[in-house]
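What follows is the residue order along each chain.
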Amino acid sequence: MPKSERGFSLIELLVAMVLLAVLATISFRATNARDQAYLAVMESDLKNLSLAQEVYYEDQAQRPGGAKYASNIALLDYATSPKVQLTLVGNAKGWSARVNHDDRADFRCAVFMGDMQAGIRPYEPAIEEGVIVCEPKKGGKKK
């Protein structure tokens, strides 16, 4: 090959393509890990809310009127993680909660407990009592 011809050899082009593929894979995994972290924070907040509701329920069992769930978040000694928005509805017999993350509006998690026939509709995507379900992730975890 004469020295006056310049350009890339086939080997150089292949090496560059392999390096780009490796960098793209690393970038994709970092994004996926971030998404899983958002979901983990949201699930954790719902687990902690479930525990706070159970503590409240047991505490109310010792008082006149008997055991009941907190109907709103103000009755509980509970705070969400930063950038997590919690919505809670409930009455004495049951409650339902949903969380969203400010940085990922397309993610949502929900759970419900108690008697849902008492005028409370469970937030979607919760479909089974006590099971935290998140979307877009499939499945759920027991509290």
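Parameters at a glance
- Along each chain, residue indices are assigned from 1 in the same order as the chain's sequence is written.
- With the structure being a predicted model, the display of local features is reserved for residues of pLDDT at least 70 and the display and counting of side-chain atom pairs for 80 or more, all residues being used for whole-chain, interface and lining totals.
- The basis for the side-chain values is all heavy atoms of the structure; hydrogens and waters are excluded.
- Note on classification: 1.4 Å probe, protein chains only; a residue is buried when its accessible area is under 20% of the maximum for its type, exposed when over 50%, partly exposed between these limits.
- Going along the chain from the N terminus, every DSSP run of H or I of four or more residues is numbered as a helix, and every run of E of two or more is numbered as a strand.
- A pair of strands is considered paired only if DSSP assigns at least 2 bridges between the two.
- Cysteine sulfur atoms are paired as a disulfide whenever they fall within 2.5 Å.
- Only Phe, Tyr and Trp rings take part, Trp by its six-membered ring, and two of them pair if their centres are within 6.5 Å. Stacked means planes under 30 degrees apart, edge-to-face means over 60, and tilted covers everything else.
- Both a distance and an angle decide whether a charge sits over a ring: NZ of Lys or CZ of Arg must be within 6 Å of the ring centre and within 35 degrees of the ring normal.
- N or O atoms closer than or at 3.5 Å make up a polar contact, with two conditions inside protein: a donor-capable atom paired with an acceptor-capable one, and, for residues adjacent in sequence, both atoms drawn from side chains.
- Here, residues are in contact when the closest pair of their heavy atoms is within 4.5 Å.
- Like-charged residues within 9 Å of one another, or nonpolar side chains (Val, Leu, Ile, Met, Phe, Trp, Tyr) within 5 Å, are grouped into patches, provided each residue has over 30% relative accessible area and no salt bridge.
- Areas reported as accessible are Shrake-Rupley estimates using a 1.4 Å probe. Residue values count occlusion only from the protein chains shown.
- Think of a salt bridge as a Lys or Arg side-chain nitrogen and an Asp or Glu carboxyl oxygen that are within 4 Å of each other.
- Take the buried residues of types Ala, Val, Leu, Ile, Met, Phe, Trp, Tyr and Cys, join any two whose side-chain atoms come within 4.5 Å, and each joined set is a nonpolar core.
- A residue's pLDDT is the confidence the predictor assigns to it, expressed on a 0 to 100 scale.

## Notes on the pairing of strand S2 (residues 94-101)
And then number 1: Across the eight residues of S2, six count as buried, placing the element largely inside the fold.
And then number 2: The sheet contact formed by strand S1 (residues 84-91) and S2 spans eight bridges and is antiparallel. Residue pairing across strands places Val89 opposite Ser96, the latter belonging to S2.
And then number 3: Linking S1 to S2, which pair antiparallel, is a turn of two residues.
And then number 4: Taking the residues between adjacent antiparallel strands as the criterion, S2 and strand S3 (residues 104-114) are bridged by two residues.

## Remarks on the state of the cysteines
And then number 1: Scanning the model with the defined rule gives one disulfide in all.
And then number 2: Two residues share a disulfide in this structure: Cys109 and Cys134, whose sulfurs sit 1.9 Å from each other. Taking the sign of the torsion about the S-S bond as the criterion, the disulfide between Cys109 and Cys134, at about 110°, is right-handed. Here Cys109 is found in strand S3, whereas its partner Cys134 is found in strand S4 (residues 131-135), with 25 residues between them in sequence. The residues Cys109 and Cys134 share a single accessibility class, namely buried.

## Focus on the environment of Ala67
And then number 1: Within the fold, Ala67 resides in the loop between helix H1 (10-61) and S1.
And then number 2: Measuring from C-alpha to C-alpha, the distance between Ala67 and Leu86 comes to 24 Å, with 19 residues separating the pair along the chain.

## Remarks on the packing of aromatic side chains
And then number 1: One pass over the structure, following the stated rule, counts one aromatic pair.
And then number 2: Taking the centre distance of 4.6 Å and the plane angle of 35° together, the rings of Tyr57 and Tyr69 count as tilted. Of this pair, Tyr57 sits in helix H1 while Tyr69 is found in the loop between H1 and S1, placing the two residues 12 residues apart along the sequence.
And then number 3: Overall, the relative accessible area of 26% leaves Tyr57 in the partly exposed class.
And then number 4: One Lys or Arg, Arg104, reaches over the ring of Phe107 and ends 4.2 Å from the middle of that ring.

## Structural notes on the side chain of His101
And then number 1: In this structure, His101 sits in strand S2.
And then number 2: Separated by 3.1 Å, the side chain of His101 and the backbone nitrogen of Asp103 make a polar contact.
And then number 3: Setting aside residues up to four positions removed in sequence, His101 forms contacts with Tyr38, Met42, Pro82, Lys83, Val84 and Phe107.

## Let's talk about a nonpolar patch on the surface
And then number 1: A contiguous nonpolar patch, built from Leu10, Ile11, Leu14, Val15, Met17 and Leu19 and spanning about 640 Å² of accessible area, is present on the exposed surface.
And then number 2: Structurally, Leu14 can be placed in helix H1.

## Digging into the nonpolar core
And then number 1: In terms of nonpolar packing, the biggest core is built from 22 residues, with Leu46, Leu49, Leu76, Trp95 and Cys109 touching the most fellow members.
And then number 2: Put simply, the parts of the chain that give this core at least two residues each are H1, S1, S2, S3 and S4.
And then number 3: Looking at this core element by element, the count peaks at seven residues for H1.
And then number 4: With sequence-adjacent residues up to four places away left out, Cys109 is seen in contact with Leu39, Met42, Glu43, Leu46, Ala97, Arg98, Val99, Pro125, Val133 and Cys134.

## Section: the confidence of the model for the protein
And then number 1: Scored by pLDDT, the protein has a mean of 86; 91% of the residues are at 70 or more.
And then number 2: In the model of the protein, strand S5 (residues 140-142) stands out as the element of lowest mean pLDDT, 40, in contrast to S2, which has the highest, 94.
And then number 3: Across residues 138-143, where pLDDT falls below 50, the model places 20 contacts with residues more than four positions away in sequence or in other chains.

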